[in-house]
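Given next are the chains, with one letter for each unit.
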Amino acid sequence: MKNKERKGYFGDFGGQYVPETLMSPLEELEKAYLKLSKDTRFKKEVSYWLTNFVGRPTPLYYAKQLTAKTGGAKIYLKREDLTHTGAHKINNALGQALLAKHMGKKRLIAETGAGQHGVATATVAAALGMECIVYMGSVDIERQQPNVQRMKLLGAQVVPVNAGSKTLKDAINEAIRDWVTNIKSSHYLIGSVLGPHPYPTIVRDFQKIIGEEARKQIKQQEGRLPDYLVACVGGGSNSIGLFYDFLKEKKIKIIGVEAGGISIKSGKHAARFAGGRPGILHGTFSYVLQDKYGQITETHSISAGLDYPSIGPEHADLYRSKLVEYTHVTDEEALKAFMLLARTEGIIPALESSHAVAHAVKMAKKLPKNEIIIVNLSGRGDKDLAQAIYHIEKMKL
């Protein structure tokens, strides 16, 4: 039987590569999700929280000054930075937390890199009266202090992870260990379209509201669909959130932007499609940065949220099927876009989002003025200010 005919696969990618101890909770989660995703009352409950707590719909903003600066195509920003907690992560955290609550779970486990998913999970845990524990690499704790303080203030226990590269990959390892130990009481709230089935599907379904809103909004503002969609890709939840509703539109060019780090040639990057190959990590088969022996290689990105050696399996399938184009942007290019958006639009983007902005600006300069680009501004840059300014001064940008 071909992989694409099996449950939990996107073409050849996906699956459930987990210890036997996790098969039962994954089956429990899938069963609960399939039931509740069709339940009218549950849908209304999620919708209520998205409207009144998260602040949806988020605006689709015409970046007039930035467009003028590039001299080319119109650039629109889908303002996920304006959600409660300041990033798209809250959409999925809320959905999964409500799902866990209905399953009778009292404790949420999360991993985080940039801290936004940790903050979102801590936020919904506080709002729903649940216990929250967040695993975070010590390197990421150092560069994301504002989010660490927010998580603690919200009542979450933040556990530093000092193993391996001390970043997101290692935080996920520890979160999985916790889940195995506390399966009955806990739900592992994965923050991206990663991990074993059914997580990539569940996370995508809670994030696809981004693209659904953007479709309606661009039609209202321009009377037609966009020509291009651009989003940064770490694990891939903000990007699949924007892309999913447009995948059948053959005339729209869809572009995912990975972290090019210092450069691809240097090896200090997190561009899985530029330097990786298919493999297994954290319960799923996808593209992975690995050496010739199959050992996971260390990644680098100025952006903590893009600093991960694998990518969601649905993205792997979209790459192989050529439905989506994937490219990469360097640290320096992202920092320049960080400054450019701040100075032209009065919007300070997350360093993750800055990668998407950087590529959109490069594109816009070469495109006719009547063409339209939508960029997913996945998060705001408060968390990155100290890190960004340090590197801006160091690079003399």
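The coordinates are above.
The rules behind these values
- Residues numbered from 1 in each chain as written.
- Predicted model: local features only at pLDDT ≥ 70, side-chain atom pairs only at ≥ 80, totals over all residues.
- Heavy atoms only, no water.
- Patch = residues over 30% accessible without salt bridge, like charges linked within 9 Å, V, L, I, M, F, W, Y side chains within 5 Å.
- Areas by Shrake-Rupley, 256 points an atom, 1.4 Å probe, with all protein chains shown as cover.
- Salt bridge = Lys/Arg side-chain N within 4 Å of Asp/Glu carboxyl O.
- Helix = DSSP H or I, 4+ residues; strand = E, 2+ residues; numbered from the N terminus.
- Pairing = 2+ DSSP bridges.
- Buried < 20%, exposed > 50% of the residue type's maximum accessible area, 1.4 Å probe, protein only.
- Polar contact = N/O pair within 3.5 Å; in protein donor to acceptor, adjacent residues only side chain to side chain.
- Contact = heavy atoms within 4.5 Å.
- 1 Å grid on protein atoms, 1.4 Å probe; cavity = no way out; pocket = protein on both sides within 12 Å on 5 of 7 lines; lining within 4 Å.
- Points joined across faces, edges and corners; volume = space filled by probe spheres on them.
- Nonpolar A, V, L, I, M, F, W, Y, C, P; charged D, E, K, R; others polar.
- Axes fitted to C-alpha atoms, helices over the stretch in contact; angles between N-to-C directions.

Enquirer: Mind showing me how you'd approach a nonpolar patch on the surface here?
Expert: A cluster of nonpolar residues, I348, L385 and I389, forms a patch on the protein surface that exposes about 230 Å² of accessible area. By secondary structure assignment, the location of L385 is in helix α16 (residues 385–395).

Enquirer: Any chance you could explain the pairing of strand β12 (residues 277–281) here in plain terms?
Expert: Regular strands place their side chains on alternate faces of the sheet. Across five bridges, the pairing between β12 and strand β13 (residues 284–288) is antiparallel. The residue bridging I280 from the neighbouring strand is F285, located in β13. The hairpin formed by β12 and β13 contains two residues between the paired strands, and H282 there has a positive phi angle of roughly 50 degrees.

Enquirer: Whenever I open this one, the side chain of S239 confuses me. Can you help?
Expert: Tracing the sequence through the fold places S239 in helix α11 (residues 237–243). Classification of S239 by relative accessible area gives buried; the value is 0%. Reaching out from S239, the side chain makes a polar contact with the side chain of H315 at a distance of 3.2 Å.

Enquirer: So what exactly am I meant to see when it comes to the environment of I296 here?
Expert: Within the fold, I296 resides in the loop between β13 and α13 (313–320). In this structure the C-alpha to C-alpha distance between I296 and G71, which are 225 residues apart in sequence, comes to 42 Å. Aside from chain neighbours lying at most four places away, what touches I296 is K169, L281, V288, L289, Q290 and P309.

Enquirer: In this structure, what is going on with the layout of surface pockets? I would like to understand it.
Expert: The rolling of a water-molecule-sized probe over the atoms marks out the regions of remaining empty space. Of the pockets and cavities examined, the largest pocket occupies roughly 380 Å³. Taken together, 14 residues line the largest pocket, and the ones lying closest to its centre are K43, V46, D205, F206 and K208. Counting only elements with at least two residues in the lining of the largest pocket, the list comes to α1 (20–36), α2 (40–54), α9 (199–207) and α10 (209–222). The leading source of residues in the lining of the largest pocket is α2, at five residues. Classifying every residue of the lining of the largest pocket gives seven nonpolar, three polar and four charged.

Enquirer: Would you take a moment to explain the environment of A125 for this structure?
Expert: Position of A125 relative to the elements: it lies in helix α5 (residues 116–128). Of the residues examined, A125 reaches a relative accessible area of 1% and is grouped as buried. Considered as a pair, A125 and S378 are 253 residues apart in the sequence and their alpha carbons are 22 Å apart. In contact with A125, not counting residues within four places along its chain, are L108, M130, E131 and C132.

Enquirer: How should I be thinking about the sheet that holds strand β6 (residues 131–137) in this particular structure?
Expert: Note: strands within a sheet are paired through backbone hydrogen bonds, in either parallel or antiparallel orientation. The sheet built from four strands is open, its strands ordered β7-β6-β5-β8 with parallel pairing. Of all the strands in the sheet, just β7 (157–161) and β8 (186–188) have a single pairing partner and so form its edges. The mean inter-strand angle of the sheet, taken between neighbouring strand axes irrespective of direction, is 20 degrees. Examined bridge by bridge, β6 and β7 share five bridges and lie parallel to one another. Bridge pairing in β7 links I133 to Q157.

Enquirer: Is there a simple way to think about the pattern of salt bridges in this case?
Expert: Side-chain pairing between opposite charges can occur once the charged atoms of the two side chains come close. Counted by the stated rule, this structure contains 26 salt bridges. A salt bridge links E332 to K336, with the nearest nitrogen and oxygen atoms 3.3 Å apart. Of this pair, E332 and K336 both sit in helix α14 (residues 331–345), four residues apart, which is roughly one turn of the helix. Note on E332: relative accessible area 36%, which makes it partly exposed. The residue K383 makes a salt bridge to D384 at a minimum N-O spacing of 2.7 Å. Via salt bridges that share partners, R56, K78, E80 and E213 belong to a single interconnected network.

Keep in mind these numbers describe shape, not what the thing actually does.
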